[in-house]
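Coordinate inspection notes
What follows is each chain in one-letter form.
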Amino acid sequence: MAAWRKKVGRSANAAKERLKLVLIHDRTDLTPKAVDQMKNELMEVISRYIAIDPEAVRIAVTQDGREQRLVADIPIKSSTRRKVG
Amino acid sequence: MTATIITITSGKGGVGKTTTTANVALALAEQGDKVVCIDGDIGLRNLDVVMGLENRIVYDLVDVIEGRCRLKQAMIRDKRMNELYLIPAAQTRDKSAVTPSDMVRLGDQLRDEFDWVLIDSPAGIERGFRNSIAPADMVLVVTNPEVSAVRDADRIIGLVEAEEKGPAKLVINRLNIDLVKRGDMLTAEDVVELLAIDLVGIVPEDESVVVSTNRGQPVVMEANTTAGQAFRNIGLRLKGQEVPYLDLDAKKGFFHSLSNMLRSGGD
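Treat the numbers as computed from the prediction; the structure is a model and nothing was measured. Counting starts from 1 at the beginning of each chain's written sequence and moves along it residue by residue. To label them, take the chains in the order written and letter them from A, then take the ligands in the order written and number them from 1. It should be noted that, the model being predicted, local features are given only for residues of pLDDT at least 70 and side-chain atom pairs only at 80 or more, the latter also being counted only at that level, while totals for whole chains, interfaces and linings use all residues.

1. Side note on the overall build of chain B
Under the DSSP-based scheme used, a helix requires at least four consecutive residues in state H or I and a strand at least two consecutive residues in state E, with every element numbered from the N terminus. Scanning chain B from terminus to terminus reveals twelve helices and eight strands. We take the radius of gyration over the C-alpha atoms and set the globule estimate at 2.2 Å times the residue count to the 0.38 power. Here the C-alpha atoms of chain B give a radius of gyration of 19 Å, agreeing with the 18 Å that 2.2 N^0.38 yields for 267 residues. For the C-alpha atoms alone, the extent of chain B along its principal axes is close to 75 × 40 × 35 Å. Buried residues are those with 20 or more other C-beta atoms within 10 Å of their own C-beta, exposed residues have 12 or fewer, and partly exposed residues lie in between; C-beta atoms are placed from the backbone. Within chain B, the fraction of its 267 residues that count as buried is 48%. Remark: residues whose backbone-derived C-beta atoms lie within 7 Å of one another are considered to be in contact. Considering only contacts within chain B whose residues lie at least 6 apart along the sequence, 74% involve residues at least 24 apart.

Take a look at the structure:
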């Protein structure tokens, strides 16, 4: 019974997750590839001014109702910061 | 009288635009309002058969626009209701026979005489769609809880906004309760969250729609059908009433508890 449920009970979630991504790209006309490229170029420019950790950079299109927003989270590497504990 | 002009559209074909137009029109007419429906799908007319008025067509929308008849002559009165009319689409022409400004002019002519003008838009995002939304005061987007229909609905909602006819309102049609319960169909909440517009109706999948449409009697005319009630509720919400959404589980209550009893006995 449990195994059967696992097989058939999940497709709505898949539909929702896939639609979320598709709709963002439809609305902004941005492909995942273009977002990646933009991210690389942004990091290149920012690194000229401050040290950042490329691994930690997050750039994504998010939605607020029908509004799209480009959100970038770019942690700065700090040489003066010390761990307290 | 100043009519509200509502265009029913969807992007994707086959999601139930025509069924929604016919049923909401009947629901409003049942409330005593004066209603006219326009079939905007020139070349592929269907609203006439769904409403059961196909045998009474003499003139059509293109005849009106090209001046071959008076507006009144092209309006077929639905005798089952006091004040419900249909202006059928032309079948042998294509959508280039009509322009958006023709539709605006037609809408203005009808505005004084009706409470509601409902325009059934063709699928797609081209001329027929643009003609249909040109005179609209409000746009209803019909969708099904399926990936392709939701994606197309989103596109249409964006175009409606771009034409400054938004925000559109949402009708979720053919929601299959059993699939939703099993987790194999998007819920109404999922669809509303994805499309981010206000909801005006949730219509459950109901075989009475097929049966009644076969007979040319929109399902609103059948008492005690869940789809009919859902369409009636859309009419009431358009009139400004607050109507709770149907408890789509209600009918299943008995069988559900029965099957639960049997199952617990057998396990």
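Picking up where we left off.
2. Some details on the interface of chain A and chain B
Often the size quoted for an interface is simply the accessible area lost on bringing the parts together. Tallying the contact residues gives 16 residues for chain A and 14 residues for chain B. Charged residues are taken to be Asp, Glu, Lys and Arg, nonpolar residues to be Ala, Val, Leu, Ile, Met, Phe, Trp, Tyr, Cys and Pro, and polar residues to be all remaining types, Gly included. The residue inventory of the side of chain A that touches chain B, partitioned by class, reads six nonpolar, three polar and seven charged.

3. Concerning helix 1 (residues 17-30) of chain B
Each α-helix winds once per 3.6 residues, and so residues spaced three or four apart point in a common direction. Residue and element names in this part refer to chain B. In this analysis, the expected span of each helix is defined as 1.5 Å times one less than the number of residues it contains. The end-to-end C-alpha separation of helix 1 is 20 Å, in line with the 20 Å expected for 14 residues at 1.5 Å each. By the criterion of burial, helix 1 is predominantly enclosed, with 13 of the 14 residues buried. Looking one or two places after helix 1, you find Gly32, whose phi comes out positive at around 95 degrees.

4. Let's talk about the sheet that holds strand 6 (residues 138-143) of chain B
Residues and elements named next belong to chain B. If DSSP finds at least two bridges between two strands, the strands pair. Strand order in the open sheet formed by eight strands is 3-4-2-5-1-6-7-8, and the pairing between neighbours is mixed. At either margin of the open sheet sits one strand with a lone partner, and together these are strand 3 (76-77) and strand 8 (199-204). In this structure, strand 7 (residues 169-175) lies alongside strand 8, joined through five bridges in parallel fashion. Counted as the bridge partner of Ile172 is Ile202 from strand 8. Lying over the sheet, helix 7 (residues 147-162) contacts strand 1 (4-9) and strand 6, oriented at roughly 165 degrees with respect to strand 6. Only the stretch in contact is used when a helix axis is fitted, and all axes are lines through C-alpha atoms; the angle between N-to-C directions ranges over 0 to 180 degrees.

5. A few points about the environment of Val35 of chain B
Residue and element names in this part refer to chain B. Structurally, the position occupied by Val35 is in strand 2 (residues 35-39). Residues Val35 and Leu236, 201 residues apart in the sequence, show an inter-C-alpha distance of 14 Å. Apart from the residues lying within four places of it in its own chain, the contact partners of Val35 are Ala25, Leu28, Ala29, Glu83, Leu84, Phe114, Asp115, Trp116 and Leu118.

6. Here we look at the environment of Gly14 of chain B
All names here are of chain B. Looking at where Gly14 falls in the secondary structure, it is placed in the loop between strand 1 and helix 1. For Gly14, a count of 11 C-beta atoms within 10 Å puts it in the exposed group. Taking the C-alpha atoms as reference points, Gly14 and Asp154, 140 residues apart in sequence, are found 16 Å from one another.

7. Let's talk about the confidence of the model for chain B
All names here are of chain B. Model confidence for chain B is summarised by a mean pLDDT of 92, while 93% of its residues fall at 70 or above. You can read pLDDT as the predictor saying how much it trusts each residue, on a scale of 0 to 100. Counting contacts from residues 253-267, a segment whose pLDDT is below 50, to residues more than four positions away or on other chains yields zero contacts. Scoring the predicted complex yields pTM 0.86 and, for the interface, ipTM 0.84.

8. Regarding helix 9 (residues 188-195) of chain B
Restricting attention to buried positions, one finds in helix 9 of chain B the residues Asp190, Val191, Leu194 and Leu195 of chain B. Looking straight down helix 9 of chain B, one finds that the buried residues subtend no more than 115 degrees of arc, so they occupy a single side. Summarising the contacts, the buried residues of helix 9 of chain B are in contact with helix 2 (11-28) of chain A together with strand 6, helix 7 and strand 7 of chain B. With its phi angle positive at about 55 degrees, Ala196 of chain B sits one or two positions after the end of helix 9 of chain B. Throughout, the arc means the angular range of directions from the helix axis out to the C-beta atoms.

9. Topic: the pairing of strand 6 of chain B
By the criterion of burial, strand 6 of chain B is predominantly enclosed, with five of the six residues buried. Throughout, right-handed denotes a crossover for which the path from the first strand over the helix to the second runs clockwise when the strands point away from the viewer. Regarding topology, helix 7 of chain B serves as the crossover connection from strand 6 of chain B to the parallel strand 7 of chain B, and that connection is right-handed.

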